[in-house]
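Per-entry structural report
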Amino acid sequence: MPARRNIHSRPRLPSVQAVHTSLVQGACDVMLLPVSLGLSAALRRIFRNRPDVFDRMNLSQDRTICISPTDMPVRFLISLGGRDPRVRAVACRDTRPSDARIEAPIRTLINVFEGREDGDAVFFSNDLWIEGDTGLVVGLRNALEEAELTLADLLPLDLPSRPRWHAGSDHPVRQGAR
C-alpha cells in the first residue's frame, strides 16, 4: 500500500537565509562579469599583439589555469588554446575543474607577475602553491618573463605602464610644494 500524503500540509518554503545566500551569490556572479570581460579583452589584445608570448606554451588544445588569490573571494580561470583566450572571474565557491592551479596572496601573485619577485624563490619558500599540470605553469611563467608585462597591460584601458608623475617634477604633490 502506498504511503499516505497529508493533503493539508503546506509545501516547505526555503529559509530566509537560503534565499539571502542565493541572492548574494547571484549578485557576486553579476558583479564579476565586467571583470571577466575586461580581463578577457586584455588577454586577447596581448594574444593579438604579442603572439610570441604564447608560442612557448603547448596550446594545441584548450587548457585552463586557475589563479586563486588566497586573500580574495575570487578566482580567475584563464582558458588558453585556439584563437580565443579568455579569463573568467568566479567566486571562490565555484569549483570548476582546471588543468593547473596557482595559489598565493594577491600581492605575491602581482609581484611575481610583474617580475618584482622571482617565481621560483616564492614557490620554494612555500608562499606560492601550484598543483596539476606543472609543465603548463612553467610555460606560463616563461611566457610572462619573456613578455615583460605589467599589471597595466591587463587593464582594459590604454594606460602607461608607469604613472606619469614618476618621471620627476610632474608629481602632483611636488607641484604644490613649489
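Heads up: these notes are all about the structure in this document. (Residues numbered from 1 in each chain as written. Predicted model: local features only at pLDDT ≥ 70, side-chain atom pairs only at ≥ 80, totals over all residues. Heavy atoms only, no water.)

1. Observations concerning the overall build of the protein
Scanning the protein from N- to C-terminus turns up 6 helices and 5 strands. The secondary structure elements of the protein, listed N-terminal to C-terminal, are α-α-β-β-β-β-α-α-β-α-α. The buried share among the 178 residues of the protein stands at 31%. Sequence-distant contacts, at least 24 apart, represent 58% of the contacts inside the protein between residues at least 6 apart. Here the protein has roughly 12,500 Å² of accessible surface; of this, 56% comes from carbon and sulfur atoms. (Helix = DSSP H or I, 4+ residues; strand = E, 2+ residues; numbered from the N terminus. Buried < 20%, exposed > 50% of the residue type's maximum accessible area, 1.4 Å probe, protein only. Contact = heavy atoms within 4.5 Å. Areas by Shrake-Rupley, 256 points an atom, 1.4 Å probe, with all protein chains shown as cover.)

2. Some remarks on the side chain of Arg-63
As for its placement among the helices and strands, Arg-63 is situated in strand S1 (residues 63-69). Since its relative accessible area comes to 11%, Arg-63 is described here as buried. A polar contact of 2.3 Å, which involves the side chain of Arg-63, links it to the side chain of Asp-133. (Polar contact = N/O pair within 3.5 Å; in protein donor to acceptor, adjacent residues only side chain to side chain.)

3. So, the pattern of salt bridges
Pairs may arise between side chains of opposite charge once their charged atoms sit close together. This model, assessed by the stated rule, comprises 6 salt bridges. The partner of Asp-62 in a salt bridge is Arg-86, and the shortest N-O contact between them spans 3.4 Å. Placement of Asp-62 in the loop between helix H2 (52-55) and S1 and of Arg-86 in strand S3 (residues 86-91) is noted, with a sequence separation of 24 residues between them. With relative accessibility at 32%, the residue Arg-86 sits in the partly exposed group. Ionic pairing is found between Asp-133 and Arg-63, a salt bridge with its closest N-O pair at 2.3 Å. Taken together, the residues Asp-133 in the loop between strand S5 (129-132) and helix H5 (134-147) and Arg-63 in strand S1 connect sequence positions 70 residues apart. A relative accessible area of 26% means that Asp-133 is categorised as partly exposed. Each of the salt bridges in this network shares a partner with another, and the network as a whole consists of Arg-63, Asp-99 and Asp-133. (Salt bridge = Lys/Arg side-chain N within 4 Å of Asp/Glu carboxyl O.)

4. Some words on the sheet that holds strand S4 (residues 100-104)
The strand order across the open sheet built from 5 strands is S3-S2-S1-S4-S5, with neighbouring strands paired in mixed fashion. If you trace the sheet from one side to the other, it starts and ends with S3 and S5, each paired once. Neighbour to neighbour, the strand axes of the sheet diverge by 20° on average, direction disregarded. Inspection of the sheet shows S4 paired to S5 by 4 bridges, in the antiparallel sense. Residue pairing for S5: Ile-102 is matched across the bridge by Ile-130. (Pairing = 2+ DSSP bridges. Axes fitted to C-alpha atoms, helices over the stretch in contact; angles between N-to-C directions.)

5. What to know about the nonpolar core
Most often, soluble globular proteins keep nonpolar side chains buried together rather than apart. One finds Phe-54, Ile-65, Ile-67, Phe-76 and Ile-102 to be the most contacted residues of the largest nonpolar core, which totals 28 residues. At the level of elements, helix H1 (16-49), H2, S1, strand S2 (74-80), S3, S4, helix H3 (106-113) and H5 are the ones that each hand at least two residues to this core. Once you skip the residues sitting within four places of it in the chain, Ile-102 turns out to touch Ile-65, Cys-66, Ile-67, Ser-68, Leu-109, Leu-128, Trp-129, Ile-130, Val-137 and Leu-140. (Core = buried A, V, L, I, M, F, W, Y, C linked by side-chain atoms within 4.5 Å.)

6. Remarks on the packing of aromatic side chains
Taken as a whole, this structure holds 1 aromatic pair when the rule is applied. Aromatic pair Phe-123 and Phe-124: ring centres 5.1 Å apart, planes at 75°, arrangement edge-to-face. (Phe/Tyr/Trp six-rings, centres within 6.5 Å; stacked < 30°, edge-to-face > 60°.)

7. A look at the state of the cysteines
Tallied over the full model, the rule gives 0 disulfides. Counting only cysteine sulfurs, Cys-92 is the nearest neighbor of Cys-66, a cysteine outside any disulfide, at a range of 8.4 Å. (Disulfide = S-S within 2.5 Å.)

8. Some words on the environment of Ile-46
You can see Ile-46 is positioned in helix H1. For Ile-46, a relative accessible area of 8% puts it in the buried group. Apart from residues lying up to four places away in sequence, Ile-46 is in contact with Pro-51, Phe-54, Leu-149, Asp-153 and Leu-154.

9. Notes on H5
Between its first and last C-alpha, H5 extends 20 Å over 14 residues, near the 20 Å set by a 1.5 Å rise per residue. Residue Asp-133 occupies the N-cap position of H5, its side-chain oxygen lying 3.0 Å from the main-chain nitrogen of Gly-135. Phi turns positive, to about 55°, at Glu-148, one or two residues after H5. (Expected span 1.5 Å × (residues − 1).)

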